[in-house]
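Below, each chain spelled out in residue letters.
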Amino acid sequence: MIKIIGTGRKLPERSVSNDELAAMVDTSDEWITSRTGIKNRFVCTKESLTDLAEGAARIALEKANLSPQEIEMIICPTIAGDFSFPSLACCLAQRLNVKCPAFDINAACSGFIYGLEIAESLISKYKNILIVGADMMSRLIDWNDRASCVLFGDGAGACVVTSGGALKYIRNNADANPEMLFAKSRTGNSPFTNEESDGGFAAMQGQDVYKFAVTAVGEEINLALAKLNLSAADIDYFVLHQANSRIIDGVRTRLKQPPEKFPMNIDKYANTTAATIPILLDEMIDEEKVKTGNTLMMVGFGAGMTTGTCVMVWE
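A quick note: this is a predicted structure, and the numbers were derived from the prediction, not measured.

Attention shifts here to the packing of helix H7 (residues 206-228) against helix H8 (residues 245-255). Where H7 meets H8, the axes come as close as 9 Å, and the angle between the chain directions of the two elements is 40°. By the criterion of interaxial angle, the relationship of H7 to H8 is oblique. Taken as a pair, H7 and H8 cross one another with a handedness that is right-handed. In this structure, H7 uses Tyr210, Ala213, Val214, Thr215, Val217, Ile221 and Asn222 to contact H8, whose residues at the interface are Arg246, Ile247, Gly250, Val251, Arg254 and Leu255.

See below:
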């Protein structure tokens, strides 16, 4: 069993508004906001993803009252670090001057919940585990494609996990459908293939992703509630992956719950993939919304198509 004892977040310095994007591609603030809830996003200019991960990690460690040397494992949920190899986690370990097991996992936007389950399975051996969800989608999207470039932002969110009784439920799953949302790997210049690289840009079937998200998230929430013998009314906060405000509102409507139980920050940051849930959680803690004894349900959904759901009673 585990609990979270420290959280942190780090965003790039460069802020990009909808109006700024509208000067680059055929779109508008009204078009983006009405369809996604996004008003702004942060994009790396000089920062590396390791910079963001380090910034979030150091804040989480400070809040946990731990030194980096007290961390015994580093897990980085990410779509792609600064290098194909080594892992982002190893780059972060170097920055923190830590020697411990360090590895990345790729479950796309569900990655943070996957990381929590891995931490829960290993906490009896590793006392303090650092999880940093971090992604730089600005290098994976086609900035000429108005359908995708408006959706994403860069960022990192971190938490420190240790032994405790907070986690009451966790389930990760993949409803395998890679074609719905993907970015191809670059093919290189092997002389043994005629395959040509398409640039490795993200591509998605927007309507299919929307339908999957609303349906799958609702199903996963109901599974968790049934397993714990709870109703939606028993959950203080639903901390959902910040992909689209309409998806979140669709889930909320199905559950017949008030808006204040579904916090959102997608208007400020857009979709930061594996970082959205820990960034939102850190904001909620800073704003003193999360109190001891609160029941939180965190749900991620993303490319794969993956889902991740956990329920914690905050300690």
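From this point, the discussion proceeds with the structure in view.
Summed over the entire model, instances satisfying the criterion amount to two aromatic pairs. With a centroid separation of 4.6 Å and an interplanar angle of 10°, the aromatic rings of phenylalanine 238 and phenylalanine 262 are classed as stacked. Placement of phenylalanine 238 in strand S11 (residues 237-240) and of phenylalanine 262 in the loop between H8 and helix H9 (266-269) is noted, with a sequence separation of 24 residues between them. By the burial criterion, phenylalanine 238 is buried, and phenylalanine 262 matches it.

With mixed pairing, the four strands of this open sheet are ordered in space as S8-S13-S12-S11. Unpaired on one side and paired on the other, strand S8 (167-177) and S11 mark the two borders of the sheet. Across the sheet, the mean angle from the axis of one strand to that of its neighbour is 10°, orientation sign disregarded. Sheet topology note: the S8/strand S13 (residues 304-313) ladder contains eight bridges and is antiparallel. Each bridged residue has a counterpart across the sheet, and for isoleucine 170 the counterpart in S13 is cysteine 310.

Sheet analysis places strand S4 (residues 73-77) next to strand S5 (residues 102-105), joined by four bridges and oriented parallel. Pairing of isoleucine 74 across the sheet is with alanine 102, part of S5. At this point the chain moves from S4, through helix H4 (residues 88-96), to the parallel S5, and the crossover so formed is right-handed.

Moving on, we get to the sheet that holds strand S1 (residues 2-10). One open sheet accounts for five strands, arranged S1-S7-S6-S4-S5; its pairing is mixed. Single-partner strands in this sheet number two, and they are S1 and S5. When the angles between neighbouring strand axes are averaged without regard to direction, this sheet yields 20°. As judged from the three bridges shared by S4 and strand S6 (residues 129-136), these two strands associate in the parallel manner. In the sheet register, isoleucine 74 faces S6, and the bridge partner there is leucine 130. Those strands touched by H4 are S4, S5 and S6, and its axis lies near 135° from that of S4. The strands that helix H10 (residues 276-286) touches are S1 and strand S7 (154-163); relative to S1, the one it contacts most, it runs at about 95°.

Ranked by size, the top nonpolar core spans 29 residues in total, and within it Leu116, Ile131, Val161 and Met298 carry the most contacts. With residues near it in sequence (within four places) discarded, isoleucine 131 still touches Ile75, Pro77, Phe112, Gly115, Leu116, Ala119, Gly157, Ala158, Cys159 and Val161. Counting 28 residues, the second-largest nonpolar core is a separate cluster that includes Leu52, Ala56, Leu92 and Val98.

This part covers the environment of lysine 63. Residue placement: lysine 63 occurs in helix H3 (residues 49-63). C-alpha separation for the pair lysine 63 and valine 160, spaced 97 residues apart in sequence, amounts to 9.0 Å. Apart from residues no more than four positions distant in its own chain, lysine 63 is found in contact with Ile5, Gly6, Thr7, Asp282 and Asp286. A distance of 3.4 Å separates a polar side-chain atom of lysine 63 from the backbone oxygen of threonine 7. A distance of 2.5 Å separates the side chain of lysine 63 from the side chain of aspartate 282, its partner in a polar contact.

Calculation criteria
- Residues numbered from 1 in each chain as written.
- Predicted model: local features only at pLDDT ≥ 70, side-chain atom pairs only at ≥ 80, totals over all residues.
- Heavy atoms only, no water.
- Axes fitted to C-alpha atoms, helices over the stretch in contact; angles between N-to-C directions.
- Helix = DSSP H or I, 4+ residues; strand = E, 2+ residues; numbered from the N terminus.
- Parallel < 35°, antiparallel > 145°, perpendicular 65-115°, else oblique.
- Left-handed = near helix turned anticlockwise from the far one by under 90°.
- Contact = heavy atoms within 4.5 Å.
- Phe/Tyr/Trp six-rings, centres within 6.5 Å; stacked < 30°, edge-to-face > 60°.
- Buried < 20%, exposed > 50% of the residue type's maximum accessible area, 1.4 Å probe, protein only.
- Pairing = 2+ DSSP bridges.
- Right-handed = clockwise from strand over helix to strand, strands pointing away.
- Core = buried A, V, L, I, M, F, W, Y, C linked by side-chain atoms within 4.5 Å.
- Polar contact = N/O pair within 3.5 Å; in protein donor to acceptor, adjacent residues only side chain to side chain.

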